[in-house]
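Letter by letter, the chains look like this.
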Number of protein chains: 2
Amino acid sequence: MAQPSVLTPQGEDFPRWYQDVVQKAEMADNGPVRGTMVIRPYGYAIWERIQREMDDRIKAAGAQNAYFPLFIPESYLHREAEHVEGFSPELAVVTHAGGAELAEPVVVRPTSETVIGEFMAKWIQSHRDLPLLLNQWANVVRWELRPRLFLRSSEFLWQEGHTAHASAEDASRYATLIHLEVYNDFLEQVLALPAIVGIKPPSERFAGAVNTMTCEGMMRDGKALQLATSHELGQNFAKAFNIVFQGDDGESQYCHTASWGASTRLVGGLIMAHGDDRGLRVPPRLAPWQVVVVAVRDDDEVLHGAREIARELLESGVRSHLDTGRGSFGRRVTDWEIKGVPLRVEVGPRDLASGQVTLVRRDGGEKISVARAEMVSVARRLLDEMHDEFYQEALAFRESRTVTVASVDEALEGAQNGFARVPWDLLDEAAEARLKADAVTVRCLVRADGTLPLHEKEPDLVAVVAKSY
Amino acid sequence: MAQPSVLTPQGEDFPRWYQDVVQKAEMADNGPVRGTMVIRPYGYAIWERIQREMDDRIKAAGAQNAYFPLFIPESYLHREAEHVEGFSPELAVVTHAGGAELAEPVVVRPTSETVIGEFMAKWIQSHRDLPLLLNQWANVVRWELRPRLFLRSSEFLWQEGHTAHASAEDASRYATLIHLEVYNDFLEQVLALPAIVGIKPPSERFAGAVNTMTCEGMMRDGKALQLATSHELGQNFAKAFNIVFQGDDGESQYCHTASWGASTRLVGGLIMAHGDDRGLRVPPRLAPWQVVVVAVRDDDEVLHGAREIARELLESGVRSHLDTGRGSFGRRVTDWEIKGVPLRVEVGPRDLASGQVTLVRRDGGEKISVARAEMVSVARRLLDEMHDEFYQEALAFRESRTVTVASVDEALEGAQNGFARVPWDLLDEAAEARLKADAVTVRCLVRADGTLPLHEKEPDLVAVVAKSY
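Residues numbered from 1 in each chain as written. Chains lettered and ligands numbered in written order. Predicted model: local features only at pLDDT ≥ 70, side-chain atom pairs only at ≥ 80, totals over all residues.

Caption draft 1: Layout of the overall build of chain A. Scanning chain A from N- to C-terminus turns up 14 helices and 23 strands. Taken over C-alpha atoms, the radius of gyration comes to 24 Å for chain A, in line with the 23 Å a tight globule of 469 residues would show. In terms of overall dimensions, chain A has C-alpha extents of about 80 × 55 × 45 Å along its principal axes. For chain A, the residues scored as buried account for 50% of the 469 residues in total. (Helix = DSSP H or I, 4+ residues; strand = E, 2+ residues; numbered from the N terminus. Rg over C-alpha atoms; globule rule 2.2 N^0.38 Å. Buried ≥ 20, exposed ≤ 12 C-beta atoms within 10 Å, placed from the backbone.)

So, in structure tokens, the structure goes:
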């Protein structure tokens with residue numbers, strides 16, 4: 001539809017475009033307490049789809065869901081030195097409860113390594129209890145001075161996996177499995193988002209980790225967004241919380257633990273990786289509503305026909321939603337485009353009379369007229385095609401904005417516009433500081449062939465540097 | 001199986017039996033901060049099934065999920081006088097965050113009427129925006145001095161629905177729909193739990209409500225447990241948060257709001273309504289694992305056969321779990337009985353050789369030998385029968401422990417053992433105080449025919465009084 005845009009164009013002011021989309025697509029609002037977020041029904045429906053797809057993969061990888069308390073004794077955080085240093089500045093602290101001052105203040109969890117470590121120590125006795133594979137879906141709090149909806153909020157929703165293993169190799173193997181088969185598979189197969197899968201340089205690791213894997217996506221302004229991370233924690237938390245097991249030989253040993261998380265930030269990633277000047281474009285496999293059936297007006301006959309079409313799609317396993325036709329047709333179409341529903345079926349009296357159905361793709365906008373009997377199969381085919389095209393488009397965009405360079409100067413230049421690939425050998429402490437002074441960071445390290453390294457000491461690694469969210 | 005019980009018998013010490021089951025079935029542990037709870041994987045799997053079944057019903061009733069912040073400005077709670085009075089003693093307060101003292105302390109939500117009211121006011125303009133039907137799945141905090149796992153915990157998980165309507169009638173109609181078609185239908189059809197559906201007397205209403213509906217279940221010790229409540233809030237919150245709409249006539253009017261919630265307490269209800277001296281009995285439609293396939297020992301042939309059986313059940317839509325046969329067979333059977341998995345398939349070399357399968361019901365314990373080809377259909381039939389029997393058994397138990405009386409004295413006597421039905425007319429303030437002195441409360445008011453009254457002023461209401469959790 002050639003309608004005047006109600007959004008700030010991306011090219012004019014990308015952050016403003018993002019704010020506009022989040023508001024006009026009714027995704028989220030700012031909460032009354034600084035940095036908190038209200039996730040509105042459409043935004044939450046997208047999050048629920050993310051949860052469902054990720055949860056299925058997490059369970060297939062053998063982890064079980066559980067739930068640990070929101071409140072953690074402050075003393076727990078102090079047991080792992082790097083961990084407390086990393087999180088202290090962001091903590092929210094409860095000092096009063098039940099009408100009295102607490103003897104020991106409790107912190108609102110910023111992440112749950114510590115409290116879960118305490119219970120792993122209790123539950124693990126022998127090597128037969130290993131690996132212990134836990135996951136939880138929860139809210140966490142990290143006080144945020146410069147909040148942005150979905151991207152940085154003082155409270156956010158996430159899943160955090162926590163696992164204990166008998167050896168460093170098993171911890172590494174499982175964290176890698178999660179990283180590739182849960183996170184990257186979800187990003188590719190559902191979010192249609194090609195991510196660079198690498199490890200963080202030591203300066204960017206999770207507080208308390210010995211290795212952090214990351215999936216980094218490129219947004220439509222060329223900046224990077226960290227989409228999911230998986231951490232090998234070595235024996236750091238096992239020693240701090242006394243997570244030990246008796247081996248085959250009867251000797252007591254510390255476990256090796258790992259943790260891995262992805263959050264509501266993924267919603268921000270989806271918006272910024274696929275959105276255009278007309279609004280969101282929700283990838284079809286994720287979309288809560290894959291097809292919106294729009295009655296051109298709200299008379300009984302048209303509504304009845306639209307309802308039948310919506311039901312037929314739903315019964316065929318296509319997630320459809322009925323727009324019951326109140327208010328201006330043009331305005332409604334614009335609203336559905338802002339919300340990024342992948343396909344639109346427009347239903348008017350002429351379509352009903354002719355036994356035809358008009359399908360419109362959100363991305364292209366061309367109208368496709370098909371016989372009613374073929375509607376479901378055509379809709380399915382279009383949704384499949386759109387998934388592939390979204391992915392290929394995002395990949396081509398990323399490649400067009402990625403340069404391979406041989407110096408820090410060139411890397412800094414390349415990072416103004418997108419990603420720069422530069423030999424990791426070149427990035428000593430001084431070079432990393434130079435990048436940081438210009439808000440450029442090492443997003444991750446990858447092998448020359450693009451695959452995931454085991455650790456940062458492998459030879460010939462490539463650093464991907466960029467500006468980021 | 002005639003094994004010695006590892007649990008305190010119910011008849012000897014019911015609270016102790018409850019603690020034993022929660023621990024030995026690996027349902028939950030106490031958290032490190034007073035009153036908090038760790039929900040272990042098996043307990044959480046049960047909660048996930050509760051969520052799924054309730055969420056489907058909530059969505060079918062037209063409500064949409066959303067998410068509102070954990071932190072609420074303290075001032076919000078003061079806007080509705082009864083509400084703040086009700087919740088103040090239980091609040092947890094964050095006074096420090098991000099390394100500094102907060103200008104205004106924030107409370108951790110005990111319930112979200114206030115913050116959701118604030119956003120309803122923002123989102124509702126005209127009668128076309130009504131009804132606004134929201135629900136959220138979240139954690140809430142009410143500081144608890146005498147915590148008990150699942151029943152009373154300082155932090156618990158729940159869903160809270162919040163709706164705004166154009167009229168008192170519509171608010172009442174929708175809250176009643178939720179109460180009957182979501183809560184009571186779920187209790188009957190999934191939890192196999194016959195509840196008494198009534199309204200709370202004014203003294204027991206939710207803080208800020210004009211009417212509170214409740215579902216009250218009888219536990220195996222004759223005490224009542226409140227399983228779900230739905231509140232008509234009149235215009236109290238609409239006035240406090242300025243939730244107004246422009247009617248057809250252009251006049252600005254306050255909305256009528258309602259709220260409704262059910263929590264992890266349902267897990268406690270399931271344990272206490274159906275459990276016996278051998279452990280949990282999870283109702284089959286709820287059970288995360290409806291059938292456990294137990295290999296009698298862990299040799300390759302038996303394991304292979306057991307795995308095939310578990311897969312066939314799963315592919316036929318029966319939720320099955322494979323016990324891979326390590327450790328003592330008797331011990332494993334006892335553990336599965338404590339966990340209350342409805343059906344057990346025991347797989348040994350003789351069964352495999354003969355093409356037979358041995359099914360064992362958790363409740364009765366008799367062994368049923370069936371041909372392998374009939375296994376799925378027999379399992380399905382047994383699960384259906386068990387649902388009906390669980391329900392009928394709980395109903396018969398409740399009726400055997402319910403007396404209909406004509407005086408406060410008799411009501412007090414009846415409530416020592418179960419429920420007493422007494423004319424509501426008899427219960428003036430002094431009589432209610434007499435009951436309370438003996439820890440007996442009016443659980444709810446019902447009509448003489450057992451149906452749900454509209455308000456407490458209807459004639460000839462019956463009060464159901466009992467001791468309770």
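There is more to say, and it comes next.
Caption draft 2: Inspection of helix α5 (residues 113–123) of chain B at higher detail. With respect to burial, α5 of chain B is a largely interior element, eight of its 11 residues being buried. Residues of α5 of chain B that are buried include every one of E113, T114, V115, I116, G117, E118, F119 and M120 of chain B, and no others.

Caption draft 3: The arrangement of the domain arrangement of chain A in detail. You can read the domains of chain A as domain 1 (14–274), domain 2 (291–386) and domain 3 (401–466). Just the C-alpha atoms count here: the centres of domain 2 of chain A and domain 3 of chain A sit 46 Å apart. (Domains from an automatic or database assignment.)

Caption draft 4: Just the sheet that holds strand β15 (residues 291–295) of chain B, in detail. All names here are of chain B. Pairing in this open sheet of five strands is mixed, and the strands run β16-β15-β17-β18-β19 from one edge to the other. Each edge of the open sheet carries a strand with a single partner, namely β16 (320–323) and β19 (367–371). Each strand of the sheet is rotated relative to its neighbour by a mean of 25°, with strand direction disregarded. Where strand β17 (residues 343–347) meets strand β18 (residues 356–361), four bridges bridge the pair, whose relative direction is antiparallel. Bridging from a neighbouring strand, V345 pairs with L359 of β18. Along the sheet, helix α9 (residues 300–315) makes contact with β15, β16, β17 and β18, crossing β15 at roughly 170°. Sheet strands in contact with helix α12 (residues 375–400) are β15, β17, β18 and β19, and its direction is about 10° off that of β18. (Pairing = 2+ DSSP bridges. Axes fitted to C-alpha atoms, helices over the stretch in contact; angles between N-to-C directions. Contact = placed C-beta atoms within 7 Å.)

Caption draft 5: Looking closely at the relation of the copies chain A and chain B. Superposing chain A onto chain B takes a rotation of 180° combined with a translation of 0.0 Å along the rotation axis, leaving an RMSD of 0.0 Å. In symmetry terms, the pair is related by a two-fold rotation axis. Residues of chain A ranked by C-alpha distance from the rotation axis are headed by V94 of chain A, positioned 2.1 Å from it. Here 100% of the contact residues of chain A are again contact residues in chain B; the copies associate through an equivalent surface. (Least-squares fit on C-alpha atoms with pLDDT ≥ 70 in both.)

Caption draft 6: Quick peek at the interface of chain A and chain B. The interface is formed by 41 residues belonging to chain A together with 41 residues belonging to chain B. Those elements that provide at least two residues to the side of chain A that touches chain B are β2 (37–39), α2 (41–60), β3 (64–65), β4 (71–73), β5 (92–97), β6 (100–108), α5 (113–123) and β8 (155–165) of chain A. Across five bridges, β5 of chain A lies against strand β5 (residues 92–97) of chain B in antiparallel orientation. If you follow A97 of chain A over to β5 of chain B, its bridge partner there is A92 of chain B.

Caption draft 7: Quick look at the environment of F150 of chain B. Residue and element names in this part refer to chain B. Tracing the sequence through the fold places F150 in the loop between β7 (132–141) and β8 (155–165). Once the C-alpha coordinates of F150 and V38 are considered, the two residues, 112 residues apart in sequence, prove to be 9.8 Å apart. The contacts of F150, once residues within four sequence positions are left out, are A28, T264, R265, V267 and G268.

Caption draft 8: Representation of the nonpolar core within the structure. Formed by 292 residues in total, the largest nonpolar core has its most connected members in V293, A463 and V465 of chain A together with V293, A463 and V465 of chain B. In contact with A463 of chain B, not counting residues within four places along its chain, are V422, W424, L427, V442 and L445 of chain B. (Core = buried A, V, L, I, M, F, W, Y, C linked by C-beta atoms within 7 Å.)

Caption draft 9: Structural view of the packing of α2 of chain A against helix α6 (residues 168–189) of chain A. Residues and elements named next belong to chain A. Taken N-terminus to C-terminus, the directions of α2 and α6 make an angle of 150°; their axes are 9 Å apart at the nearest point. By the angle class used here, α2 and α6 are roughly antiparallel. At the point where α2 passes α6, the crossing takes the right-handed sense. Residues E53, M54, R57 and I58 of α2 lie in contact with α6, whose contacting residues are E181, V182, D185 and F186. Here the contact of α2 with α6 is built from residues that sort into four nonpolar, no polar and four charged. (Parallel < 35°, antiparallel > 145°, perpendicular 65-115°, else oblique. Left-handed = near helix turned anticlockwise from the far one by under 90°. Nonpolar A, V, L, I, M, F, W, Y, C, P; charged D, E, K, R; others polar.)

Caption draft 10: Geometry of the sheet that holds β6 of chain A. Spatially, β4(A)-β6(A)-β5(A)-β5(B)-β6(B)-β4(B) is the arrangement adopted by the six strands of the open sheet, whose pairing is antiparallel. Strands at the two margins of the open sheet, each flanked by one partner only, are β4 of chain A together with β4 (71–73) of chain B. In this sheet, adjacent strand axes meet at a mean angle of 45° when their direction is disregarded. Where β5 of chain A and β6 of chain A come together, four bridges link them in antiparallel fashion. By the bridge assignment, H96 of chain A is partnered in β6 of chain A with E101 of chain A.

Caption draft 11: Structural context of the confidence of the model for chain A. When pLDDT is averaged across chain A, the result is 95; 99% of the residues are at 70 or more. Quick note on the complex model: pTM equals 0.97, ipTM equals 0.96. (pLDDT = per-residue confidence, 0-100.)

Caption draft 12: Seen up close, the environment of D299 of chain B. One can find D299 of chain B in the loop between β15 and α9. Measuring from C-alpha to C-alpha, the distance between D299 of chain B and T324 of chain B comes to 9.4 Å, with 25 residues separating the pair along the chain.

Caption draft 13: Summary view of unusual backbone geometry. Residue and element names in this part refer to chain A. Following L130, the chain continues into P131 via a peptide bond in cis, with omega recorded as -10°. Tracing the backbone shows P131 in the loop between α5 and β7 (132–141). The phi dihedral of F150 is positive, around 70°, even though this residue is not glycine. Using a count of 26 C-beta atoms within 10 Å as the deciding quantity, one classes F150 as buried.

Caption draft 14: Quick peek at the pairing of strand β10 (residues 211–218) of chain B. Residue and element names in this part refer to chain B. Of all eight residues in β10, eight are buried, a share of seventy percent or more. Bridging between strand β9 (residues 196–199) and β10 involves four bridges; their strand directions are antiparallel. Its bridge partner lying in β10, V197 is registered against C215. The pairing of β10 with strand β11 (residues 224–232) spans eight bridges and is classified as antiparallel. Note on β11: the bridge partner recorded for M213 is S230. Hairpin connection between β10 and β11: a loop of five residues separates the two successive antiparallel strands, and G222 in this loop has a positive phi of roughly 85°.

Caption draft 15: Representation of the pairing of β19 of chain B within the structure. Residues and elements named next belong to chain B. For β19, a buried count of zero out of five residues is recorded, marking the element as mostly open to its surroundings. For β18 and β19, the ladder comprises five bridges, and the chain directions are antiparallel. Bridging from a neighbouring strand, T358 pairs with S369 of β19. Taken together, β18 and the strand that follows it, β19, pair antiparallel across an intervening segment of five residues, in which G365 is found at a positive phi of about 95°.

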